[in-house]
Amino acid sequence: MIASIAFYVFAAILLVSAAMVVTARNPVHSVLFLILSFFNAAALFLLAGAEFLAMILVIVYVGAVAVLFLFVVMMLDVNFAELRGGFQRYLPVGATVGAVLFVELALVLGGWQIAPDAGQLRFAPQPPDVHNTAALGRLIYTDYVLLFQIAGLVLMVAMIGAIVLTLRERKTSRHQSIAAQVGRDVRDTLELVNMPLGVGVSEFYRPLVEQPPPLHSDQPVIAHAGGGHGDGGHHAAEKR
Amino acid sequence: MNWQLAWPEIALAVCGMAILIFGVLWKGRSNAFACSMLTAGAFLLAALLVLSQGGGLGYNGLFVVDPFSSYLKLLILAGAALSLILSVDWNEREGFQRFEFPVLMLFSVTGMMVMASASNLMTLYMGLELQSLALYVLAAFNRDDARSSEAGLKYFVLSALASGLLLYGISLCYGFSGTMNFADLAKAAANPAGVSPGLIVGIVFVLVGLAFKISAVPFHMWTPDVYEGAPTPVTLFFATSPKVAAMGLLLRVMVGPFGHLLPQLQSLIVLISIASMVLGALAAIGQTNIKRLMAYSSIGHMGYALIGLAAGTTEGIRGVLIYLVIYVFMTVATFAGIGAMRRNGRTIEKISDLAGLGRNDPMLALILVICMFSLAGIPLLSGFFAKLYIFLAAVQVGMWTLAVIGVLTSVIGAFYYIRVIKVMYFDQPEAPFDRRPASLSFVAVAAGLFTTFFFVFPAPIIGAAQVAAKALLG
Amino acid sequence: MMYAIAVFSPLVGCLIAGLLGRSIGGRAAQGVTIGFMILAAICGVTAFVENTWYDAEQETVPLLSWVVSSTLHADWALRHDTLSVTMVGMVTFIATLIHIYSVGYMAHDAYPVYRFFSYLSLFTFAMLMLVTADNLLQLFFGWEGVGLASYLLIGYWYDKPSACAAAIKAMIVNRIGDLAFVVGIALVFFTFGSIEFPAIFGAIEQHQNDLYGLFGTNFRAYEVIGVLLFIGAMGKSAQIGLHTWLPDAMEGPTPVSALIHAATMVTAGVFLMARMSPIMSYAPYALAFVAVIGGTTAFFAATIGCAQTDIKRVIAYSTCSQLGYMFVAAGVAAYQASIFHLFTHAFFKALLFLSAGSVIHAVSGEQDMRKMGGLWRHIPLTYTMFWVGSLALGGVFPFAGYYSKDAILEASYASGTLSGMYGFWCGLLGAFLTAFYSWRLIIMTFHGKPRADHHVMEHVHESPFVMTGPLILLAIGATVNGFVFRREFIGEGWPEFWRGAIVITANNHVLENMEHLPGWVGLAPTVAGLTGIALAYLAYMFVPSIPPAFARVFRPIYLLAYNKWYFDELYDFLFVRPTFWLARNLWQIGDATLIDGAPNGMAEIAAGSSRQVVKIQTGSIAVYAFVMLIGVVLLLGLYMLVR
């Protein structure tokens, strides 16, 4: 009884928030509605007895994917009004195609025959003696290990792709080398000088810090957003 | 478990990872070249492993090795190897040579080989995704060129849509039949009358997803833009191996698990085939960029190949397989010729830039002439035989309309191929192209020789195709 | 052997002059061709003489096997019977004289002269092949060969459009006759199973009553064959209906007119009738048709000749008319008379033409008689030649024409048939008109006040000996041929002379009946001729106002005669214009629009569709995705429908 109410509540919220994702005017609102629909989907999974999937859904989708969406939406200055301007124009055709597709699918799926004992199965899904997670593990690492490995390869290719497409080695940006920092020797930083009387500092002036190498002209120079810190470093050295 | 059946794929994946590490660690100047050579070696190793395998079902029914899959794998490896050879010099000249290129190609090939050996809908999907993901990156590889990025992006977005449709279809199939294994699906669909329409709708969605990959109309819209924008060796790779893999997969899926339902699906395949042939022929007439022309040409060729599938007999499957071999080599030779189109260090891609090639570089012009004639289907070049076997299969089952439309579109299509030849020989010559690298000449000549002299000794390929087709239809 | 030399020498001369003429030069070409022609003439005349008075062997000379195809056999061979030998002798002799004459006539011609002589020899060879043929195929080869040579020679001055048009006209009109001729040959083969003369003539009795179905009725095969062969002869010999080419053929040089269109080629039709006499003799209706056509032509051409002003045209129509006479004789199965008149006519007509050429040469190329006159004192030799030729033509005793022409008229009267009588009366009237226009020509050309201008009259001179020599020889022939050869051709000695070359049926007694005619029949032609001469003198010499008055009073008749009975205009309206209309329409509409339009239209469709299709690729991802979705919906919808 409670289970069926819960099912309908979660399903309804899921559908409504999914619709809101597409129709919300503010993009940040869209993402938030998306997160809401993810949560409700996780709840439905729970109701179906797949607790591992529900938790993974929340962690991966909400924790990683939706956050990524949020970052992108907030970082990029996308003019959503312009993007959605064509909505009115294409609405008739799009609605027609969508409606036709919906009718076709409904005709087909209307022939779905429900097994007689599916009603009970819905509400008692858990196999009695083994955890969900263990059951999944048993299958993935034995029967479906090939697919698992290929999935791994897919992820690796994605990583290679991301690096290939975006990583640029800029000689202008300075990395921190922790090892070098930690391995700094006192002899490199401090020098005791015996000053004779009546003589100014300038005769003994020796720069302590190495001048950075000059800019290479063949590297593409991208203007940094905070363009000052390279120069600031120089000033600091000279002032001393 | 029979995991030894996947030796070629395992070997390739391991080699891929090793070459990746090697490329990262050895920061020498020519690490791209070294990695390319190592990848070529890996391809060779994989080919040897494929040849030395027996048949059978592995990984609990997920993976199958039979003459059909071996045939496809060898063809995929050949296409990839030739594209790789072309890419070595091309990437260097364009200034984006990186060692990740051959590695990505290698992984893509691994995905394709998994596709060829798929005997489960999930394996199908995973192989497809592995192949596609590597291809997305390869398409956008020239990251300083806006067109390359555009190509990669378009391919990615549309491919994601297609994968979504494919997955929806797989879920419908699973839902209405209870299994994803091809053998079990065949049993479930054995009685066409008792099959619920939901299963067929699922098959239609699977067909849509696969049709996208072979750029059949109306799922071909990505092809011209992506072919034009991607770097030429990548375009060549696009035009050869993924098409082979996807076509083979389509054959296996349509004929294997859903073989009994083929008569119901035949009209759909016929429709797609006719649309592809017609569009490929008509739209190419108005093109000025040669890579776009080749894109439409490949759409048309896939239309012809689908005729063999529509026929549904052993001869039809054999025709498709022969078509794929001949098509791969024709395309390799043509793109090798296109790869030579550089002037003053800049790549040029217009058909009108080929003007006067007959006088400036007779050898290259000759190879291009052979390719163009072969693509048009002129006897005695190999392209003619490809079409011959396909039309033969169609006529044998009485699909006269399809064969006639095929012939008519061939005639229309011949126009733009011969126009290229006309531009090469009869237009005012422009400045000659830059010196072409030896690797390009080698690839062009080798593929051109195959195209020309196929008719002398076709028996091995036809025999192998026959064996593969028989293995598929059983 | 001698016979073969006679036939082939002209060929050798033609080849040498034609192929090497440019390198050996005009003089050498002339010398070579004339040399070979003289050789041929010697051999030809000797063969004729031997056959006429010395009982020569009549052996067919086999040459080469030609067609061996199932039952169709045809070999190259030279038939050696009287008919052939007579023709060979006559042709070689006259052709040689004309070759020699041409040296003088073409001396100032603009074109290199080797071409002319090569063509003349080619013609001679073809004519000889025609007359010595032992089968219909070789005869047809010669037939076409003379047609070709005629075309080449009429259009010799090829930069004159009128000459080219005349050559084409000759070729085309002959072609119409040739069509019937070929069908006739086919019918001969169909009836007899062979086209070789020995086989045909041997089987004449057997196939007498064969029937042939045509247009629903059954005719006797011989009749059909006869009519078809005669229609071919009509084309070649310019009988009424297919005569329109002959006057126009005067565009060629005068020696050509003399040789081809007077003496030899046009007589090929008559020769054909005589050669096929075995078949013709058994086809009385065909013979009647021949006689009627011949008679009509004789009369009709003579009327036209009376009104022409070009000197060569008058003689051309005269030829046409005389050929009509020959066909009248053939039509009453008096083939001997027909060939006799052919023989004599060759001499005097060639004489007339060459004399006309001499006149034209004298008046610096003028051919219109209205611009001549008063020449007889200046060119007396030519004048004399004209008299000799005209007397022979008019049939005045004792010149050659008297014997042959009278023989024809007597034979036609003696035949007793309706067509024969028609031929007789036409011939008689024609004789009157012939004499009239011949003397009209002489008077207008040579007598009266000179109507040419001062310069021309100053240049009037007699032709050189190379031109007048042949004239004299021809004049001798025109004078004596009649009474020398009368006995052999048509007189008592005719069976021994002809020796079966000409076949007449047993109940054909025309030649005997000729001896027993009423007296007035024999005198009538002479009376008619003298009357014509007198009238000509009256009208042109003494009372010059008569012709214009006649033309005014009987204007329609005058116009009819002057405009050649409007045949050319009729043919133009009936045939030429519709043909051009059809050709133009087939070209512009049929070919250019319809047949060319189909592939052009399809190419346009393909290009047009391409332009539309290319627009689908907009470059927008959203559109691409949308198209994919539409594709999915379509496929699903299609499946729903097909299910």
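These remarks concern the structure in this document.

Definitions and limits used
- Residues numbered from 1 in each chain as written.
- Chains lettered and ligands numbered in written order.
- Predicted model: local features only at pLDDT ≥ 70, side-chain atom pairs only at ≥ 80, totals over all residues.
- Heavy atoms only, no water.
- Helix = DSSP H or I, 4+ residues; strand = E, 2+ residues; numbered from the N terminus.
- Buried < 20%, exposed > 50% of the residue type's maximum accessible area, 1.4 Å probe, protein only.
- Contact = heavy atoms within 4.5 Å.
- Buried area = accessible area lost by both parts, 1.4 Å probe.
- Polar contact = N/O pair within 3.5 Å; in protein donor to acceptor, adjacent residues only side chain to side chain.
- Nonpolar A, V, L, I, M, F, W, Y, C, P; charged D, E, K, R; others polar.
- Core = buried A, V, L, I, M, F, W, Y, C linked by side-chain atoms within 4.5 Å.
- Pairing = 2+ DSSP bridges.
- Expected span 1.5 Å × (residues − 1).
- Salt bridge = Lys/Arg side-chain N within 4 Å of Asp/Glu carboxyl O.

### Some points on the overall build of chain C
Next, step 1: Assigned secondary structure in chain C consists of 27 helices and 4 strands.
Next, step 2: The buried share of chain C, taken over its 643 residues, is 58%.
Next, step 3: Considering only residue pairs separated by 6 or more positions, chain C has 80% of its internal contacts joining residues 24 or more positions apart.

### Notes on the interface of chain B and chain A
Next, step 1: Across the boundary between the two partners, chain B contributes 35 residues, which contact 25 residues of chain A.
Next, step 2: With both chains or domains summed, chain B and chain A bury close to 2600 Å², and 82% of this area falls on carbon and sulfur atoms.
Next, step 3: Summed over the shared surface of chain B and chain A, the number is 3 residue pairs in polar contact (both at pLDDT 80 or more).
Next, step 4: Per-element tally for the side of chain B that touches chain A: the top contributor is helix α5 (residues 121-139) of chain B, with 8 residues.
Next, step 5: In terms of residue class, the side of chain B that touches chain A is built from 25 nonpolar, 5 polar and 5 charged.

### Things to note about the nonpolar core
Residue and element names in this part refer to chain B.
Next, step 1: Residues Met-254 and Leu-354 are the most contacted members of the largest nonpolar core, which totals 220 residues.
Next, step 2: For this core, the element with the most residues is helix α13 (residues 314-339), which contributes 17 residues.
Next, step 3: In this structure, Met-254 is in contact with Ile-203, Leu-207, Gly-259, Leu-262, Leu-265, Ile-269 and Leu-309, ignoring residues within four places of it in sequence.

### Considerations on the pairing of strand β1 (residues 61-69) of chain C
Residues and elements named next belong to chain C.
Next, step 1: Inspection of the sheet shows β1 paired to strand β2 (residues 72-78) by 7 bridges, in the antiparallel sense. Paired with Val-68 across the strands is His-73, a residue of β2.
Next, step 2: Counting the residues that bridge the hairpin from β1 to β2 gives 2 residues, and of these Ser-70 lies at a positive phi of roughly 55°.

### Overview of the environment of Gly145(C)
Residue and element names in this part refer to chain C.
Next, step 1: Position of Gly-145 relative to the elements: it lies in helix α4 (residues 136-154).
Next, step 2: We classify Gly-145 as buried; its relative accessible area is 16%.
Next, step 3: C-alpha of Gly-145 to C-alpha of Leu-130: the two residues are 15 residues apart in sequence and 8.5 Å apart in space.

### Let's talk about helix α2 (residues 31-51) of chain B
All names here are of chain B.
Next, step 1: With 21 residues, α2 extends 30 Å from end C-alpha to end C-alpha; this agrees with the ideal 30 Å at 1.5 Å per step.
Next, step 2: Here α2 has its buried residues at Asn-31, Ala-32, Ala-34, Cys-35, Ser-36, Thr-39, Ala-42, Phe-43, Ala-46, Ala-47 and Val-50.
Next, step 3: Buried residues along α2 sit in contact with α1 (7-25), α3 (67-94) and α4 (100-116).

### Looking at the pattern of salt bridges
Side chains that carry opposite charge are capable of pairing whenever their charged atoms lie near each other.
Next, step 1: Per the counting criterion, the structure on display carries 29 salt bridges over all chains.
Next, step 2: Of the charged contacts in the structure, one is a salt bridge between Asp184(B) and Lys187(B), with a shortest N-O distance of 3.6 Å. Of this pair, Asp184(B) and Lys187(B) both sit in helix α7 (residues 182-188), 3 residues apart, which is roughly one turn of the helix.
Next, step 3: You can call Lys187(B) exposed: its relative accessible area is 62%.
Next, step 4: Asp572(C) is paired through a salt bridge with Arg577(C); the nearest N and O atoms lie 3.0 Å apart.
Next, step 5: Residues joined in a network through salt bridges with shared partners are Arg147(B), Glu150(B), Lys154(B), Asp225(B), Glu228(B), Lys291(B), Arg292(B) and Glu349(B).

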